[in-house]
Every structure is written in structure tokens, then in C-alpha cells.
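# Remarks on the overall topology
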Amino acid sequence: MSDAPARKGRRGGGRSGRQAARATKAETAAWLERRLPPVDLIDDESYAIIEANADIILEEVGIAFQDFPSALDLWKDAGADVRGDMVHFPKGMCRQLVQDNAPKIFTQHARNPARSVQIGGNATVFAPNYGSPFAMDLDNGRRYATLEDFQNIVKLVYDLPHLHHSGGTVCEPVDIPVNKRHLDMVYSHIKYSDKPYMGSVTATDRAEDSIELSRIAFGGDLQDRTVMTSLINASSPLRWDATMLGAATAYAKANQASIMSPFILAGAMSPVTVAGLAAQSLAEALSGMAYAQLVRPGAPVIFGTFASSMSMATGAPTFGTPEAGQAIQVMAGLARRVGVPFRSGGQFTASKYPDAQAAYESAHSLLPTVQAGVNFVLHAAGWQEGGLAIGYEKLILDADQLGAMTVHGRGIDMSENGQAMEAFRTNEHGQHFLGNAHTLANFESAFWRSEMANNDSFEQWEEEGSLTSAQRANARWKQMLLEYEAPALDAAIDEELVAFIARRKSEMPDASY
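Bear in mind that the values here come from a model prediction, so they are computed numbers and not experimental data.

This part is about the overall build of the protein. When you go through the protein residue by residue, the secondary structure sums to 18 helices and 20 strands. In terms of overall dimensions, the protein is globule-like: its C-alpha atoms have a radius of gyration of 23 Å, near the 24 Å expected for 513 residues. Sorting the 513 residues of the protein into buried and exposed places 55% on the buried side. For the protein, long-range pairs separated by at least 24 residues make up 76% of all intrachain contacts whose partners lie at least 6 apart in sequence.

Here we take up the pairing of strand β7 (residues 123-126). Side chains of β7 alternate between two faces, with Ala123 and Val125 and Thr124 and Phe126 buried alike. Note that strand β1 (residues 32-33) and β7 share two bridges and pair antiparallel. Among the inter-strand pairings, Glu33 is bridged to a residue of β7, identified as Ala123.

Let us look at a nonpolar patch on the surface. On the surface, a nonpolar cluster with roughly 300 Å² of combined accessible area is contributed by Met421, Phe424 and Phe433. Mapped onto the elements of the fold, Phe433 is located in the loop between α14 (421-426) and α15 (437-442). The class of Phe433 is partly exposed, set by a relative accessible area of 35%.

Contact pair helix α7 (residues 204-217) / helix α18 (residues 491-506): the axes reach a minimum separation of 9 Å and the direction vectors enclose 160 degrees. Between α7 and α18, the interaxial angle falls into the category roughly antiparallel. As α7 packs across α18, the resulting crossing turns out to be right-handed. Contacts between α7 and α18 pair Asp205, Asp209, Glu212, Leu213, Arg215, Ile216 and Ala217 from the former with Ile493, Glu496, Leu497, Phe500, Ile501 and Arg504 from the latter. In the contact of α7 with α18, the residues fall into seven nonpolar, no polar and six charged.

This part covers α7. Between its first and last C-alpha atoms α7 spans 20 Å; for 14 residues at 1.5 Å apiece the expected length is 20 Å, and the two agree. Considered for burial, the residues of α7 that qualify are Arg206, Ala207, Asp209, Ser210, Ile211, Leu213, Ser214, Ile216 and Ala217. Considering only its buried residues, α7 is in contact with α6 (181-192), α8 (242-253) and α18. Two residues or fewer past α7, Gly219 is found with a positive phi of approximately 90 degrees.

Here we come to the confidence of the model for the protein. Averaged over all residues, the pLDDT of the protein equals 94, while 95% of them reach at least 70. Confidence drops under pLDDT 50 across residues 1-14; counting only partners more than four residues distant or on other chains, this segment forms 28 contacts. In this model residues 16-27 is a low-confidence stretch, pLDDT under 50, and it forms ten contacts with partners more than four residues away in sequence or in other chains.

This part covers the pairing of strand β15 (residues 306-310). For a regular strand, the rule is simple: side chains alternate between the two faces of the sheet. Counting buried positions over the five residues of β15 gives five, a clear majority of the element. In terms of strand pairing, strand β13 (residues 263-265) meets β15 through three bridges, oriented parallel. Considered in β15, the bridge of Leu265 is made with Ser308. Judged from the two bridges that link them, β15 and strand β16 (residues 317-318) form a sheet pairing that is antiparallel. Opposite Ser309, over in β16, you have Thr318 as the bridge partner. Hairpin connection between β15 and β16: a loop of six residues separates the two successive antiparallel strands, and Gly315 in this loop has a positive phi of roughly 85 degrees.

Counting through the fold element by element, Leu482 comes out in helix α17 (residues 469-483). Taking relative accessible area as the criterion, Leu482 reaches 71% and is therefore assigned exposed. A C-alpha to C-alpha distance of 38 Å links Leu482 and Ile105, two positions 377 residues apart in sequence.

A few words on the packing of aromatic side chains. Aromatic rings in a pair are described by how distant their centres are and how their planes are angled relative to each other. This model, assessed by the stated rule, comprises 15 aromatic pairs. Pairing Phe348 with Trp383 gives two aromatic rings, centres 4.8 Å apart and planes at 75 degrees, and the pair type is edge-to-face. Of the two residues, Phe348 is situated in the loop between β17 (342-343) and α11 (356-372) and Trp383 in strand β19 (residues 383-384); the sequence distance between them amounts to 35 residues. Since its relative accessible area comes to 6%, Phe348 is described here as buried. With a relative accessible area of 5%, Trp383 lands in the buried category. Ring centres 5.6 Å apart and planes at 50 degrees place the aromatic pair Phe458 and Trp461 in the tilted group.

The subject of this paragraph is the environment of Gly131. Looking at the secondary structure, you find Gly131 in the loop between β7 and β8 (134-137). Classification of Gly131 as partly exposed rests on a relative accessible area of 31%. Each C-alpha atom, one on Gly131 and one on His379, is 9.4 Å from the other, the two residues being 248 residues apart in sequence. The contact partners of Gly131, leaving out residues within four places of it in the chain, are Thr169, Val170 and Glu172.

Omega for the bond connecting Ser236 with Pro237 falls within 30 degrees of zero, at 10 degrees, which places this linkage in the cis form. Following the sequence through the fold, Pro237 ends up in the loop between β10 (229-233) and β11 (239-240). Of note in this structure, Asn255 is not a glycine but carries a positive phi near 65 degrees. Although it is not a glycine, Glu385 adopts a positive phi angle of roughly 55 degrees. Mapped onto the elements, Glu385 comes out in the loop between β19 and β20 (389-391).

With that settled, the discussion passes to the nonpolar core. Ranked by size, the top nonpolar core spans 134 residues in total, and within it Phe65, Trp75, Phe89, Phe126, Leu163, Met289 and Phe303 carry the most contacts. Considering every element that reaches this core, the biggest residue donor is helix α9 (residues 274-295), with 14 residues. Each residue touching Phe126, except ones within four places of it in the same chain, is listed here: Leu32, His162, Leu163, His164, His165, Leu366, Val370, Val377, Ala380, Leu402, Met405 and Thr406. Counting residues in each nonpolar core, the second largest holds six residues, with Leu265, Phe306, Phe348 and Ala350 among its members.

Here is what the cut-offs are and how they apply
- Residues numbered from 1 in each chain as written.
- Predicted model: local features only at pLDDT ≥ 70, side-chain atom pairs only at ≥ 80, totals over all residues.
- Heavy atoms only, no water.
- Helix = DSSP H or I, 4+ residues; strand = E, 2+ residues; numbered from the N terminus.
- Rg over C-alpha atoms; globule rule 2.2 N^0.38 Å.
- Buried < 20%, exposed > 50% of the residue type's maximum accessible area, 1.4 Å probe, protein only.
- Contact = heavy atoms within 4.5 Å.
- Pairing = 2+ DSSP bridges.
- Patch = residues over 30% accessible without salt bridge, like charges linked within 9 Å, V, L, I, M, F, W, Y side chains within 5 Å.
- Areas by Shrake-Rupley, 256 points an atom, 1.4 Å probe, with all protein chains shown as cover.
- Salt bridge = Lys/Arg side-chain N within 4 Å of Asp/Glu carboxyl O.
- Axes fitted to C-alpha atoms, helices over the stretch in contact; angles between N-to-C directions.
- Parallel < 35°, antiparallel > 145°, perpendicular 65-115°, else oblique.
- Left-handed = near helix turned anticlockwise from the far one by under 90°.
- Nonpolar A, V, L, I, M, F, W, Y, C, P; charged D, E, K, R; others polar.
- Expected span 1.5 Å × (residues − 1).
- pLDDT = per-residue confidence, 0-100.
- Phe/Tyr/Trp six-rings, centres within 6.5 Å; stacked < 30°, edge-to-face > 60°.
- Core = buried A, V, L, I, M, F, W, Y, C linked by side-chain atoms within 4.5 Å.

Next up, the structure:
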């Protein structure tokens, strides 16, 4: 196990230096403990209608479990009606399996115990971008991502305090063969961070390799601890494929968490309406989570939903739309009624650059995410170009906004200090509060302060180079990488990890699938 990371390194002077110094002193936590009540957009009657529609989909329409006979056998034994690859579920069966077995809250253990996160309840965990084949920064432009990009992002996420989780495939290292890159990715999370991380899901043996790497990293015995939370996407509409089922099965058997997540662009993978999307997503998620309970009762699962819209004129995915925000909030309410943790939302944009479009669309995605009370937020920082690219500058700017959402999510301080009555009693009528003892006691923490925004006068901003927010973020990530220091990792464990990776790579020829 490693100790909490030391923060060292010389920082520049001036305003940027003072901002960085404040950042090192900022209160950080392993996850966001929300006190903001979740926002429900619909009433109990409307939730019940959607749940009834999902039951009809499960019973009458069915869910396909494709090319995975062992899943069909489990469903037959459990009493489902199996017709070929199609499974039809008695009313209430999936919900009952989940509610009787799946934990409402669980802990994902980190290599550093201080970094372990609560999944569920009033906890929100922010994790970075996932799955992009491209990387983009102001200096090098858009290009295929490499293992160096992957490691850079892991290092940056490690040092960004409001990203609680290291994530998974933060970008695809396309310079490594497809069948081997999972080994380098999981190792990079272990080596360059001590935050929680995700495992590989692109093949059953890659999930098993992720479990073995984690076993080594955690000292040789997981002791039934959940140390990975991995993304299992439905092949929407209404299908689970063999690749995802194989990974989900491996993780469930090992007591590792799976996010059972429909992937929906409304209009293509679901009906265009929020209520229709919600019924389908609920049916798909329930069937996936219930399957994990058949594999191993009590296996930790997260009700996932990736839901966005598409242009009905061009077919292009669109992000930051009001309908997508509504879907997040409705699905979060449905997950609370099931009684399991919920994953959705993030900072989504179709923009190719960290510009105003990126900011607006990301804000319109992030605010409903926090207001909905989402427990696990994948894609919380770095998402660009509809997910095709991870942006270095976007990562930094998004992470800054997560600090604002942390304050928002903690709700209103109603303590004696928060009520500030002593300030009224001691302040003279008509006088400002700047010199009041209450103000002086609270001024450093009174308001959230962005580390990336510029609030100077025009003249000062111009004198300091007229930098845009993207240019400031560019300087920030470069400085962070210069100052990065890896967390402690036992040398014997590291040696065993490297040996395992070398052996596994030697056992298979390079492949592009």
C-alpha cells in the first residue's frame, strides 16, 4: 500500500503562483458527499408508468443475450422464458433479483486506502473521459492517442483534486496492439496513480488479466474486496453481446463492480421521447444487473445510462441538449426507486476545440448530472468531439468546473456560522461587511474561486499576454506534468506486475482486434 501522495515542486510567482498555492491548500475529499437534494422532474405516478412500460418490454418484447449460452442457461434455470437468444422475463423478476441481492452502497477500494470511494447513497464520484481514439492539445493538434498520452492523462487526473477516480480507457493507446494494450492501461493506472480505476471489458480474458493485475497490485489477495468498477455497455436497442457478457461474468465472479449501462442516442438506439428512452433504458439496465446477480448473488453493480440525442437532419450525435439533461434526471429517479447506485452524465460536447460551444454544452450536461444526484460520473472531464478525442486543455478546464459543482453539490451551510447572525449583531448600520469579524474569519473559503478563469481588468489581462482560457489551461497541464511525482509502489509488486505483463504478451501474437 502507498502513503498519501506528497505534493512538492517549485511553482511560479505572481497571480498564477498564488492560485496554485491556494489549490494545494484547498479542502479535498475522496468523493463528493452531497447534501443537495436530488431534483425529480416527474411525480411518482409518472415513474410508475415508465416502470410498467419497462416491465412490458422485458416480458413481451424481451432482451437478447447474444452468443453466450451460459447466460441463457442461467436465465432458464431462474424461470425466464428463453427463445433462442431472446429472453422474456416474468413481470418483476429482474427488479426482484436486483433488489434482493445487489448492494445499495459499496466501497471501491483504492491502492491508497485514503483514496477509496463510496459508490451509492449521497456520494458522487467524478471520473475522467473514457474510450477516445484521438487526443488533442493546442501544440500538437488532433492525432491518434498513444500510450504516452494515456499515461499523461492518468498523471494529470492523479493531481486534479476533484477527479476522485482514475477512470479506465481514458484514451485508446493505438500504438499498442489491441489485444495487448489493456495490460499497459491497467498497469499505468496502478503505476502512475493510487486512485481507484477501471478494468478492461473488450474480451473475457482481458477482464481476467485486469483482475490478476489488481490481485498483484493489492498485495496478492483481493480478499473479496471490490477494487475495480468497469463499464459494460448494452448493445442498444435491447441486446447484450457476448463480449460485454463475458467481461461482466468475469467481474461478477470476482466480486468486482460492473456498470450495466445502456448506450443510447435517442432517435437511433431508442425512440425519440424521454419517456420512451427511459423505459427502454430501465429494461436494459435491469436485465443486465439481474444477470450479474445470477452469476454471483451480491455482486456490486451500478445502474448505468448513457443517453444523448442526435440531429434528425444529419444523424450526427448532439450533446448538452435539454432532452439529454431531462433523461439523466428521470433515469436517476428510476435508479433510486430500484435502490442501486447510478451512473450517468458528465461534461459532453460535440465541439472540436475547448471553445464556447464546448463550455455551454458541457455545462448543460454537468448541471443536471449533479442536480440528479448521480453517483458515478464517467466522462466528467476531458470529453471532446463527441467522445472521439480527449482534450488536454478541456480536461483542465472541466476539472476546474468540477470544483464549482463540488460546492454546489454540498448544498447550503445552515450551521451557526452559515447563518451569520453574529455578523448582523456586530456590524454598524449602513456599513459594509468587509471588515466584519465574520467576513475576516471566512474570507478565504467564502466563495469558490476558479483556478482557470481570469477576473483581472482588461489592462492587466492584456499586459499578461491576453491569454484565452484554453491557453491558460495549456500552460497549466504542462506545469503539472513537470511537477508530477508518482505515488509509492512497492518495488516487489511492481516487478511482479511487469513480469506478468511480459509473460502475457509473449503468449499471444499482436492482433488488431
